[in-house]
Amino acid sequence: MIGAGHWSAPLLSGDKMPRLRDLGYALGQYPTGPLNAITDVAGVAVGHVTLIEGDRTRTGATAILAHPGNLFQDKRPAALAVLNGFGKFAGATQLAELGQLETPILLTNTLAVGRAIDAINGYTLDQPGNERVTSLNAVVGETNDSRLNDIRAARPTVAEMRAAMDTARPGPVAEGAVGAGTGTVAFGMKGGVGTASRLVGGQVLACWCRPISAGICGWTGCRWPILPRMMPMVPS
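A few points on the structure.

About the criteria used
- Residues numbered from 1 in each chain as written.
- Predicted model: local features only at pLDDT ≥ 70, side-chain atom pairs only at ≥ 80, totals over all residues.
- Heavy atoms only, no water.
- Core = buried A, V, L, I, M, F, W, Y, C linked by side-chain atoms within 4.5 Å.
- Buried < 20%, exposed > 50% of the residue type's maximum accessible area, 1.4 Å probe, protein only.
- Helix = DSSP H or I, 4+ residues; strand = E, 2+ residues; numbered from the N terminus.
- Contact = heavy atoms within 4.5 Å.
- Phe/Tyr/Trp six-rings, centres within 6.5 Å; stacked < 30°, edge-to-face > 60°.
- Lys NZ or Arg CZ within 6 Å of the ring centre and 35° of its normal.
- Patch = residues over 30% accessible without salt bridge, like charges linked within 9 Å, V, L, I, M, F, W, Y side chains within 5 Å.
- Areas by Shrake-Rupley, 256 points an atom, 1.4 Å probe, with all protein chains shown as cover.
- Salt bridge = Lys/Arg side-chain N within 4 Å of Asp/Glu carboxyl O.
- Pairing = 2+ DSSP bridges.
- Axes fitted to C-alpha atoms, helices over the stretch in contact; angles between N-to-C directions.
- Polar contact = N/O pair within 3.5 Å; in protein donor to acceptor, adjacent residues only side chain to side chain.

### Here we look at the nonpolar core
Okay, so step 1: Core analysis: the largest hydrophobic core is formed by 23 residues, its most contacted members being A63, L65, L106, I120, V140, M161 and M165.
Okay, so step 2: Elements supplying a minimum of two residues to this core: β2 (45–53), β3 (57–65), α2 (113–125) and α3 (158–166).
Okay, so step 3: Among the elements that make up this core, the one with the highest residue count is α2 (five residues).
Okay, so step 4: One finds I38, A174, A180 and V193 within the second-largest nonpolar core, a separate group that totals 12 residues.

What follows is the structure, encoded as structure tokens:
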């Protein structure tokens, strides 16, 4: 525990809010993985730090680890695609050039990117086997949560983001207004973080999503009733 913020632990079944499938709607034709989460990919772990303090601290960080070992010594293939370049993503050039991931991924707010790099550097340099490492490529994604959060208040700190990596675990993960999704807003509604997985051709395809956008979700300026148009679940 740091200040009045809280570290969010993985949610247990029975504690979680209902997901879309719990409400009777399914997307797509492929079956989900056992958890319908990014952690269905073997070795992947997720950790959150969630900071909710007073009236204006609504921020946090989410760490995604590709495997439980030393990522710098055992790198993973990676790629990057940019849809909208108005972002402050760190580590993009080497990721695109070499196609390798050598550190955890941290997601946080826009003004915390520099601190996130420091957190990843410290985490990686402290790992056994990295005593002679003098260069590494920290990967950090960001969104601006200043509508709900005092983004100038220098939170999360380096130590808080380090905690997100230290507490990352496989298995069920918390979703919604936790971690990097604590202060996000999308299309005029509260945003958050989410995850999903699908079984395709004997492999697990999984994603982690943190939407944030201005404006109103709809066509010709009108809000659209999305749920009724989704595919209803068919009992198996």
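Okay, back to it.
### A short note on α3
Okay, so step 1: Along α3, the residues classified as buried are E160, M161, A163, A164 and M165.
Okay, so step 2: Buried residues in α3 make contact with β2, β3, β6 (105–109) and α2.

### Here we look at unusual backbone geometry
Residues apart from glycine generally show negative phi values, whereas peptide bonds are mostly found in trans.
Okay, so step 1: R155 connects to P156 through a cis peptide bond whose omega is -5°.
Okay, so step 2: Looking at where P156 falls in the secondary structure, it is placed in the loop between β7 (139–143) and α3.
Okay, so step 3: A positive phi angle is found at A154, which is not glycine, with a value near 60°.
Okay, so step 4: Within the fold, A154 resides in the loop between β7 and α3.
Okay, so step 5: Note on A154: relative accessible area 35%, which makes it partly exposed.
Okay, so step 6: One non-glycine residue with positive phi stands out, namely F187, at about 55°.

### Quick look at the packing of aromatic side chains
Okay, so step 1: Taken as a whole and assessed by the stated rule, the structure comprises zero aromatic pairs.
Okay, so step 2: In this structure, K88 is placed above the aromatic ring of F86, and the distance from its NZ or CZ to the ring centre is 4.1 Å.

### Observations regarding a nonpolar patch on the surface
Okay, so step 1: On the surface, L80, V82 and F89 cluster together into a nonpolar patch covering about 270 Å² of accessible area.
Okay, so step 2: Note on placement: V82 falls in the loop between β4 (76–77) and α1 (92–98).
Okay, so step 3: Judged by its relative accessible area of 61%, V82 falls in the exposed class.

### A word on the sheet that holds β2
Each strand in a sheet pairs with its neighbour through backbone hydrogen bonds, running either in the same direction (parallel) or in the opposite one (antiparallel).
Okay, so step 1: Ordered by their spatial adjacency, four strands build an open sheet running β2-β3-β6-β7, and the pairing between neighbours is mixed. Where the open sheet ends on each side, the last strands, each with one partner, are β2 and β7. Within the sheet, the average angular offset between the axes of one strand and its neighbour, ignoring direction, is 15°.
Okay, so step 2: In this sheet, β6 lies alongside β3 in antiparallel orientation, the contact comprising three bridges. Counterpart to A63 in the pairing with β6 is L106.

### What to know about the side chain of T59
Okay, so step 1: With respect to the helices and strands, the residue T59 is situated in strand β3.
Okay, so step 2: Only 2.7 Å separates the side chain of T59 from the side chain of D145, close enough to count as a polar contact.
Okay, so step 3: Beyond its immediate chain neighbours, meaning those up to four positions away, T59 contacts V49, T50, L51, N109, D145, N149, R155, P156, G179 and T182.

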